[in-house]
Structure formats: C-alpha cells, structure tokens
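# Fold and geometry: a report
Spelled out from the first residue to the last, the chains are:
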Amino acid sequence: MAQIWHDLLFAHWPVDARKLRALVPESLEIDQFEGQAWLAVVPFRMTGVRLRGTLAVPWLSAFPELNVRSYVKFGGKPGVWFFSLDAGNPLAVAIARAWFHLPYFRAWMRCVERHGWIEYSSQRDHSGAAAAALQMRYRPVGPTFFPQPGTLAHFLTERYCLYTTDGQGRLICGEIHHLPWRLQLAEAEFERNTMAEPLDLALTAHPLLHFARRQDVLVWPLSH
C-alpha cells in the first residue's frame, strides 16, 4: 500500500510501562528509552493512498488520520503498537479493519493550515467505540534535522514495522518503508485531548513535540 503523509505532529508523553503492559500482548516487549516508556498521539493527513502500482481514487485516497501508539519489540525487532487509528473516510476505515487487522475507527475530522498553524479537530463517531476527541493546533519551529541513532527522537520516530493481532489473537507484523524522518521541533496548543482516556491513561505532563512536513510510505502486507 502506497501513501503520502503530510503535516505530522509527534506528540509524546512519558507513561508507566506497567500500565502499558496490561494493554499489549504478552508476546511483545514494551520498548523503553533509558528505562522510560512513551505514548504518542500523532495527527496528520494522508494523500495518494492506493495499492502499489495503481492510481489513487480521489474520494478514497485523501483524508485526515490520527493515531495513538506506543513502542514494542518482538525478537529484538523494534516496532509500533497502535491502540487506535481514527480516520475521516468511512470506506477506508472498513478496508483497513478488514485487511490490516488494525483498530481503525470512523471519526469526524478537520485539518487545515491557517497562518502557519495546522488546525486539527477529530471527534470519534464509530458505533460501539469508546469516545475520543482531539482539538488543537500545531506548527514547526526551528530548522529541520535528521534524528541521530541513540537519541530519543530517533527512538520515537525511526520505526519500520508495526505489530497487531489477527482474529485468532495471533501476532502479525507489517513492514513500513520510507526515507529517514526529516524532523523539526514543534509547538502546540491543546484545547481538548481525550485520545488516551479509553486506555485509562492520563496525559498530564507537557509533551515532547516533533513535526514532519511530508513522508512517502510503503506498507507491505502483514504476515505472521
């Protein structure tokens, strides 16, 4: 699956690894940086979503997305564990839930750039799903940089696989291919953020913020 990600904010909060342990399959190790686990809320928008080698369909290939994630390892291989992925296209949500076994949810979403700020709103409206909302604005500050190995920014962003489980609870992995992240520091103003409430996690500290303008991505089919 090919896609382009735009105007990403990586908002990271330190969290208690023991609380994450109860939310992630036992087969996965909670990945930590210098003894600290992290939870991320990542708003962005997608364009060009399509099967590799095919043309993008305008009404299906462009929409906002918002994910809540943490970091895990399996067999020493670091990856991402998604707690939720909200998207503003109902058909895309249905396809992703069926094909990728990921916890996608329908949401009313709005993402616009105004006076240098990305104004972002999301309200989950998926039937039977726990309520979750985000209303905020963010923007990059400072020069771009490539996160270096061994740094916290590298640990949080340079992840090239995702883990999830299928309908039988078996662990599956999807490979993610893209160039190294080109980041900027960011600032953000949160009006409302309840994205972690379904996990019973309180995001009280000021988050660590990074911004990325664009990333071209290939996601390969998931496998056991």
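Here, every reference points to the structure presented above.
In what follows, the accompanying structure is described. Not measured: the values here are computed from a predicted model. (Residues numbered from 1 in each chain as written. Predicted model: local features only at pLDDT ≥ 70, side-chain atom pairs only at ≥ 80, totals over all residues. Heavy atoms only, no water.)

## As for the packing of aromatic side chains
- Under the definition given, this model contains eight aromatic pairs.
- A ring pair is formed by Phe-33 and Phe-155, whose centres lie 5.5 Å apart and whose planes are at 55 degrees; its orientation type is tilted. You can see Phe-33 sitting in the loop between β2 (29-30) and β3 (37-50) and its partner Phe-155 sitting in helix α4 (residues 152-157), a full 122 residues away along the chain. Like Phe-155, Phe-33 is buried.
- Each member of the aromatic cluster is reached from another via a ring pair, and the members are Trp-5, Phe-10, Phe-44 and Trp-181.
- The ring of Phe-105 has Arg-124 sitting right over it, with the charged end atom 4.5 Å from the ring centre.
- The ring centre of Trp-117 lies 3.9 Å from the NZ or CZ of Arg-137, which sits over that ring. (Phe/Tyr/Trp six-rings, centres within 6.5 Å; stacked < 30°, edge-to-face > 60°. Helix = DSSP H or I, 4+ residues; strand = E, 2+ residues; numbered from the N terminus. Buried < 20%, exposed > 50% of the residue type's maximum accessible area, 1.4 Å probe, protein only. Lys NZ or Arg CZ within 6 Å of the ring centre and 35° of its normal.)

## Points about the pairing of strand β1 (residues 2-15)
- Of all the 14 residues making up β1, 13 are buried; the element is thus mostly covered by neighbouring parts of the structure.
- Sheet analysis places β1 next to strand β12 (residues 208-219), joined by 10 bridges and oriented antiparallel. Bridged to Leu-9 within β12 is Phe-211. (Pairing = 2+ DSSP bridges.)

## Some words on the pattern of salt bridges
- All chains considered together, the criterion is met by 15 salt bridges.
- Salt-bridge contacts for Asp-7 lead to Arg-213; the nearest nitrogen and oxygen are separated by 2.7 Å. Of this pair, Asp-7 sits in strand β1 while Arg-213 sits in strand β12, placing them 206 residues apart in sequence.
- Between Asp-31 and Arg-159 there is a salt bridge; the shortest N-O distance is 3.0 Å. (Salt bridge = Lys/Arg side-chain N within 4 Å of Asp/Glu carboxyl O.)

## A closer look at the side chain of Arg-69
- Relative to the helices and strands, Arg-69 resides in strand β4 (residues 63-74).
- No salt bridge is formed by the buried Arg-69; its nearest oppositely charged neighbour, Glu-65, is found at 8.6 Å.
- One polar contact links Arg-69 to Tyr-71, side chain to side chain, over a distance of 2.9 Å.
- When sequence neighbours within four positions are dropped, the list of residues in contact with Arg-69 reads Phe-10, Trp-38, Leu-39, Ala-40, Val-42, Val-80, Trp-81, Phe-82, Phe-83, Leu-156 and Thr-157. (Lys, Arg positive; Asp, Glu negative; His and termini not counted. Polar contact = N/O pair within 3.5 Å; in protein donor to acceptor, adjacent residues only side chain to side chain. Contact = heavy atoms within 4.5 Å.)

## Description of unusual backbone geometry
- Even without glycine at this site, Glu-34 takes up a positive phi of about 50 degrees.
- Among the structural elements, Glu-34 can be located in the loop between β2 and β3.
- Positive phi values are uncommon outside glycine, yet His-115 reaches one of about 55 degrees.
- Residue position: His-115 is located in the loop between β6 (104-114) and β7 (117-124).

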